[in-house]
Amino acid sequence: QKEVEQNSGPLSVPEGAIASLNCTYSDRGSQSFFWYRQYSGKSPELIMSIYSNGDKEDGRFTAQLNKASQYVSLLIRDSQPSDSATYLCAVKGSSGDKLTFGTGTRLAVRP
Amino acid sequence: NAGVTQTPKFRILKIGQSMTLQCTQDMNHNYMYWYRQDPGMGLKLIYYSVGAGITDKGEVPNGYNVSRSTTEDFPLRLELAAPSQTSVYFCASRLQGDQPQHFGDGTRLSIL
């Protein structure tokens, strides 16, 4: 079992729709969770951090965390073609000093 | 605000050559990381450092070396370059605790 799992996609949504990206993790003691966006040929860019159960909203983005189910998600409302990118889920485990990254979900927003 | 700076941005090496990828950060971050990302793949951790003078291996350290003599700099050394090391290399840093990582723009390396 991979430590952090994401569906590789591509996830295709029409412009204006809600995109839902999901991530599961195996370390039950994990405390910190991050979503990064990576455009093709560019470096990962932090878009959301979440540390406690529930929802955290920032503009069109909402991160959702459920530690009991070991599940973190990212919702993108009113999706735009400029949101087309790969979204990486990263988790800081209960031990160590590293983030574990998922392989990413590719999102395509069609006009 | 420079953040994490990587040089060079692009490099072509011949098999067997050596080079150093430079990474420097101006945020006084304790932790620094080197990743490689092959086309269409995820990030793989090569080496990391939790502070000056302290380094540790990640999941793919073979063929690489690092040093951390200052808080700001974390160079990655490739000895005897091989075609399998063709990749994009990202350096990242973070402050401490539960703070997120911030990435440099990457170095695209081709070995022919």
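Below: a short report on this structure. (Residues numbered from 1 in each chain as written. Chains lettered and ligands numbered in written order. Predicted model: local features only at pLDDT ≥ 70, side-chain atom pairs only at ≥ 80, totals over all residues. Heavy atoms only, no water.)

Our focus in this paragraph is the pattern of salt bridges. Under the defined criterion, the tally for this structure stands at 6 salt bridges over all chains. R77(A) serves as the salt-bridge partner of E57(A), at 3.5 Å between the closest nitrogen and oxygen. In this pair, E57(A) sits in strand β6 (residues 54-58) while R77(A) sits in the loop between β8 (71-76) and β9 (85-92), placing the two residues 20 residues apart along the sequence. Judged by its relative accessible area of 28%, R77(A) is partly exposed. The closest approach of N and O atoms between E79(B) and R77(B), which form a salt bridge, is 3.1 Å. By relative accessible area, which is 32% here, R77(B) ends up partly exposed. (Salt bridge = Lys/Arg side-chain N within 4 Å of Asp/Glu carboxyl O. Helix = DSSP H or I, 4+ residues; strand = E, 2+ residues; numbered from the N terminus. Buried < 20%, exposed > 50% of the residue type's maximum accessible area, 1.4 Å probe, protein only.)

What follows deals with the sheet that holds strand β1 (residues 4-5) of chain A. Residues and elements named next belong to chain A. If you walk across this open sheet you meet the 5 strands as β1-β3-β8-β7-β6, and the pairing is antiparallel. Strands at the two margins of the open sheet, each flanked by one partner only, are β1 and β6. Relative to strand β7 (residues 61-66), β6 runs antiparallel, the two being bridged by 5 bridges. The residue of β7 that forms the bridge with D58 is F61. (Pairing = 2+ DSSP bridges.)

Here we take up the interface of chain B and chain A. Between chain B and chain A, the residue contacts involve 21 residues of the former and 18 residues of the latter. Summed over both sides, the interface between chain B and chain A buries roughly 1,500 Å², with carbon and sulfur atoms accounting for 57% of that surface. Together, D98(B), P100(B) and F103(B) form the three largest contributors to the area buried by chain B at its contact with chain A, with a combined 30%. When the shortest N-O distance is used, the salt bridge between D98(B) and K92(A) registers 3.9 Å. Elements supplying a minimum of two residues to the side of chain B that touches chain A: β4 (31-37), β5 (43-51), β9 (87-94) and β10 (102-103) of chain B. (Contact = heavy atoms within 4.5 Å. Buried area = accessible area lost by both parts, 1.4 Å probe.)

Residue and element names in this part refer to chain A. Residue placement: R37 occurs in strand β4 (residues 32-38). Take R37: its relative accessible area is 12%, and that puts it in the buried class. A distance of 3.5 Å separates polar atoms of two side chains, one belonging to R37 and the other to Y39. Not counting chain neighbours up to four residues away, the residues in contact with R37 comprise S43, P44, E45, I47, F61, D83, A85, T86 and Y87. (Polar contact = N/O pair within 3.5 Å; in protein donor to acceptor, adjacent residues only side chain to side chain.)

Now for the sheet that holds strand β7 (residues 64-66) of chain B. Residue and element names in this part refer to chain B. Taken together, the 4 strands give an open sheet; going across it, the order is β1-β3-β8-β7, and neighbouring strands pair in antiparallel fashion. Of all strands in the sheet, those with a lone pairing partner are β1 (4-7) and β7, marking the two edges. On average, each strand axis in the sheet is inclined to that of its neighbour by 20 degrees, with strand direction left out of account. Pairing between β1 and strand β3 (residues 19-25): 4 bridges, direction antiparallel. (Axes fitted to C-alpha atoms, helices over the stretch in contact; angles between N-to-C directions.)

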